[in-house]
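Residue-level structural notes
Spelled out, the chains give:
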Amino acid sequence: MTFTQWRDRFRGWRGRRPFAGGVLLVLGGAEILVTMKAPLPVILHVGMQGLAGYLLPTLMVLCGLLIIFNPTQRLFYSIIAILLSLGTWLTSNIGGFVVGLLMGAVGSSLAFGWLPDQEPRQSRRQRRKEKRPERTADRVRQDGPLPGAGKPA
């Protein structure tokens, strides 16, 4: 398989799922995990608050991967992901210094709003052109120069 064939297949696969939302969600969760620098034994001694600091971004990454690989359940995963993203505000260094929180919130919103099999949008100019009947020279000759010309008003 050549690179162009692989790229075309990947584009088709990516087009059938909320890919951008899932990737943003994974990156947001990963960023929050990177900002947490304490080793696991310290977290276990701190308790549930410290464990939640690692648990919520890990679940964000998992939801992002599930959105990418199981797009039929994207609504459920995106609702869970936005709740997890907002929960990291309290548990994980203000949501990974706000960057991870925003990436997670935007990614889950994109996944929630994605619609499968939607027709491509047309510009207003194209819609007007389709509505307007074409007036060709032959049609003008058949109808006359003005419709209703020569009739009293």
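The structure displayed is predicted, hence computed values, not measured ones. (Residues numbered from 1 in each chain as written. Predicted model: local features only at pLDDT ≥ 70, side-chain atom pairs only at ≥ 80, totals over all residues. Heavy atoms only, no water.)

Attention now moves to the overall build of the chain. When helices and strands are tallied, the chain shows 9 helices and 0 strands. Helices (α) and strands (β) of the chain occur, in sequence order from the N terminus, as α-α-α-α-α-α-α-α-α. Expressed as a percentage of the 153 residues in the chain, the buried residues total 29%. For the chain, the share of sequence-separated contacts (at least 6 apart) that also reach a separation of at least 24 residues comes to 75%. (Helix = DSSP H or I, 4+ residues; strand = E, 2+ residues; numbered from the N terminus. Buried < 20%, exposed > 50% of the residue type's maximum accessible area, 1.4 Å probe, protein only. Contact = heavy atoms within 4.5 Å.)

For the rest of this paragraph, the subject is the packing of aromatic side chains. Scanning the entire structure with this criterion turns up 7 aromatic pairs. When the ring of Trp-13 is compared with that of Phe-19, the centres are 6.0 Å apart and the planes differ by 75°; the resulting orientation is edge-to-face. The class for Trp-13 is partly exposed, based on a relative accessible area of 24%. On the basis of relative accessibility, which here comes to 22%, the residue Phe-19 falls in the partly exposed class. (Phe/Tyr/Trp six-rings, centres within 6.5 Å; stacked < 30°, edge-to-face > 60°.)

So, on to a nonpolar patch on the surface. A surface patch of nonpolar side chains, amounting to about 560 Å² of accessible area, comprises Leu-75, Phe-76, Ile-79, Ile-80, Leu-83 and Phe-112. Counting residues per element, the nonpolar patch draws most heavily on helix α5 (residues 74–91), which supplies 5 residues. The topology assignment puts Leu-83 in helix α5. (Patch = residues over 30% accessible without salt bridge, like charges linked within 9 Å, V, L, I, M, F, W, Y side chains within 5 Å. Areas by Shrake-Rupley, 256 points an atom, 1.4 Å probe, with all protein chains shown as cover. Salt bridge = Lys/Arg side-chain N within 4 Å of Asp/Glu carboxyl O.)

What follows deals with the environment of Leu-62. Topologically, Leu-62 is positioned in helix α4 (residues 48–69). A C-alpha to C-alpha distance of 9.0 Å links Leu-62 and Leu-25, two positions 37 residues apart in sequence.

With that settled, the discussion passes to the side chain of Thr-91. For Thr-91, the location among the structural elements is in helix α5. For Thr-91, a relative accessible area of 17% translates into the label buried. One polar contact links Thr-91 to Ser-92, side chain to side chain, over a distance of 3.3 Å. (Polar contact = N/O pair within 3.5 Å; in protein donor to acceptor, adjacent residues only side chain to side chain.)

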